[in-house]
Amino acid sequence: MENGVYPLLPDTILLEVFQNLEHQNVLAAGSTCRQWYGVSRDDFLWRDLFYRYYNVNRSIPRHPAATSWLGEFRRLYDTIPCVQVATLKEHRDQVLHVSFSHNGYLFGSCSKDCFVKDIESENINVVKRLFQLQNRNASTIRTVMVADCSRHNSPDLLLGFEEQGLSSSPRVFYLGSDSEDECYNKPKYSNESASELEAGVQDSAEIEANMDTLGLQPLLDEKQLEARVADLFLQAKTKSTDMDILSECQETQNKKYLIFTTGSLTYTPHQIGIKQILPHHMTTTGPVLGEERSSSEFFDPLDHTIDVHGHIIGMGLSPDHRYLYVNSRAWPKGCVISDPMNPPPIAEEIDIHVFDLKTMQEVTQTLRAHTAYTPNDECFFIFLDVSRDYVASGAEDRHGYIWDRHYNICLAKLQHEDVVNSVAFSPVDQEMLITASDDCTLKVWRSPRIMRIISTKPTHKKFSFFWLNKK
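Rules behind the numbers
Residues numbered from 1 in each chain as written. Predicted model: local features only at pLDDT ≥ 70, side-chain atom pairs only at ≥ 80, totals over all residues. Heavy atoms only, no water. Pairing = 2+ DSSP bridges. Helix = DSSP H or I, 4+ residues; strand = E, 2+ residues; numbered from the N terminus. Axes fitted to C-alpha atoms, helices over the stretch in contact; angles between N-to-C directions. Phe/Tyr/Trp six-rings, centres within 6.5 Å; stacked < 30°, edge-to-face > 60°. Buried < 20%, exposed > 50% of the residue type's maximum accessible area, 1.4 Å probe, protein only. Salt bridge = Lys/Arg side-chain N within 4 Å of Asp/Glu carboxyl O. Polar contact = N/O pair within 3.5 Å; in protein donor to acceptor, adjacent residues only side chain to side chain. Contact = heavy atoms within 4.5 Å.

Spatial ordering of the open sheet is given by S5-S6-S7-S8, a layout of four strands whose pairing is antiparallel. With partners counted over all chains shown, the strands left at the sheet margins are strand S5 (144-148) and strand S8 (304-307), one partner each. Taken pair by pair, the neighbouring strands of this sheet meet at an average axis angle of 25°, ignoring direction. Summarising the sheet, strand S6 (residues 256-262) and strand S7 (residues 271-277) pair through seven bridges and their orientation is antiparallel. When the bridges of S7 are listed, Tyr257 appears paired with Gln276.

Bringing the packing of aromatic side chains into the picture now. The full count for this structure, using the stated rule, is 15 aromatic pairs. Seen from their ring centres, Tyr53 and Tyr77 are 6.1 Å apart, and the 55° between their planes marks the pair as tilted. Here Tyr53, found in helix H4 (residues 43-54), pairs with Tyr77, found in helix H5 (residues 69-78); they are 24 residues apart in sequence, far enough to count as distant. On the basis of relative accessible area, Tyr53 is assigned to the partly exposed category, the value being 41%. Through a chain of ring-to-ring contacts, the aromatic side chains of Trp46, Phe50, Tyr51, Tyr53, Tyr54, Trp69, Phe73, Tyr77 and Tyr407 assemble into a single cluster.

Evaluated as defined, the whole model comprises 15 salt bridges. For Arg388, the salt bridge identified is with Asp389, shortest N-O distance 3.0 Å. For Arg388, a relative accessible area of 53% gives the class exposed. In this structure, the salt-bridge partner of Arg449 is Glu431, at a minimum N-O distance of 2.8 Å. You can see Arg449 sitting in helix H9 (residues 448-456) and its partner Glu431 sitting in strand S18 (residues 429-437), a full 18 residues away along the chain. Assessed through its relative accessible area of 31%, Arg449 is described here as partly exposed.

Attention shifts here to the side chain of His23. The topology assignment puts His23 in helix H2 (residues 23-29). Since its relative accessible area comes to 10%, His23 is described here as buried. Here Gln24 takes part through its side chain, which lies 3.1 Å from a polar atom of the side chain of His23. Those residues in contact with His23, other than ones at most four positions away along the chain, are Trp46, Leu49, Tyr53, Phe73 and Tyr77.

As a further point, take unusual backbone geometry. Phi at His321 takes a positive value of approximately 65°, unusual for a residue other than glycine. Classification of His321 by relative accessible area gives buried; the value is 13%. With phi around 70°, Arg398 is a residue other than glycine that occupies positive phi space. Tracing the backbone through its elements, the reader meets Arg398 in the loop between strand S14 (390-393) and strand S15 (399-404). For Arg398, a relative accessible area of 47% corresponds to the partly exposed category.

Pairing within the open sheet is antiparallel, and its four strands lie in the order S13-S14-S15-S16. On the outer flanks of this sheet lie strand S13 (384-386) and strand S16 (409-415), each paired with one strand and no other. For this sheet, the mean angle separating the axes of adjacent strands, direction not counted, is 15°.

Our next topic: the environment of Ser387. Tracing the backbone shows Ser387 in the loop between S13 and S14. Each C-alpha atom, one on Ser387 and one on Asp320, is 9.5 Å from the other, the two residues being 67 residues apart in sequence. Leaving out residues up to four positions away in the same chain, Ser387 has contacts with Pro319, Arg405, Phe425 and Gln430.

The next thing to look at is H5. Within H5, seven of the ten residues are buried, which leaves the element mostly enclosed by the surrounding structure. Of all the positions in H5, only Trp69, Leu70, Glu72, Phe73, Arg75, Leu76 and Asp78 are classed as buried. The N-capping residue of H5, defined by a side-chain oxygen 3.0 Å from the backbone nitrogen of Gly71, is Ser68.

The next thing to look at is the pairing of strand S12 (residues 361-371). Of all eleven residues in S12, eight are buried, a share of seventy percent or more. As paired elements, strand S11 (residues 349-356) and S12 share six bridges and run antiparallel to each other. Within S12, the residue paired with Val354 across the bridge is Val363. The antiparallel pairing of S11 with S12 creates a hairpin that spans four residues between the two strands, and Met360 there sits at a positive phi of about 60°.

Remember that the coordinates give geometry; whether it matters functionally is a separate question.
So this is what it looks like as structure tokens:
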């Protein structure tokens, strides 16, 4: 010790000792003396503790807004809304959705009990109909949102590292495996030999070559013919894209996108449709809601379509509207959909895909931890929400989940008694989260840091100036 009978240990030896301790023991040792305090705050020490405790890939750099590894350790440890502070039992049936107002002062929820709680709305004189989009194979448009690209200049997270996950095709997992990390690598016909498959491919290629030589078209069954007719009808009734307008708009940063779920192969939503809202669409002229178009008018084309090769069950935008987060359950790799009314089986694992609306490409690795069990032919939703640093989602395994957006790690599981359908961060305080569940409750969660502030807040005495009220 400094003033004791024991000699001072070199900092290098202390640092090596501290590297073998847990983070709480390092903090406790730092309160011993000035030397130990200085070594216990070493940034390289906390970098090693951070990667070891959170099991983060060491190729991921520190958050760009972080000033120290100790501060970053505290952020993930202390600011996650994982402490339950209230259970609201206002509903009498399953709670399906929850959402905050823009200022964060109110939140609303809806339930199967036919009640909507605490919802305010603005009166709009004219609601203009912007687009009429073709809905093939009765694919349900279940989620609609608008992304304002003018917010992209605000600071945001670096979601990728070393160009990880820049491929446009999402990961697909083997549906028959109990392992969460095993990928689906089996061939479509696993009981056939490689030579038989090769021979089959050669035979089909020879048949198609012979038909092309003779000028014949391949035979189509009834389902394929119906799909072909629908495709031709869509092409005939869809407006052609005005490339001049699009090229002009690409130069501006004030773009707005209409984003929704759709599908062209089956009625379950498996694609993200994106339509750019141009400046002339925002005028007060033109058809308004309720005015019908004639049958001769065309459908509007989509500007971009993203296929996630799976059943989409929820979407959410980052606060700056640059990144789109998508909850989906994957289809088997290589599956072929021949009947639009018979969608393929879906995985129990839920994947969160992240798409950059600047590049229309998928970024970062797929986030996974939560599961769902509803069959592929039923309508269901698992809503998610995104804050500045975190992303949260419900699940059918009776938990809500929170991930860090930068490090792509799951930080917390929030317990319920039944399916968690929806989650919502406060727009003004990401350390507050609300979850909605089939157990008929809403739960409010706060971070450990906020709970300490609340518990240690001094209670001020109230002074009563009663004599001022005397007549």
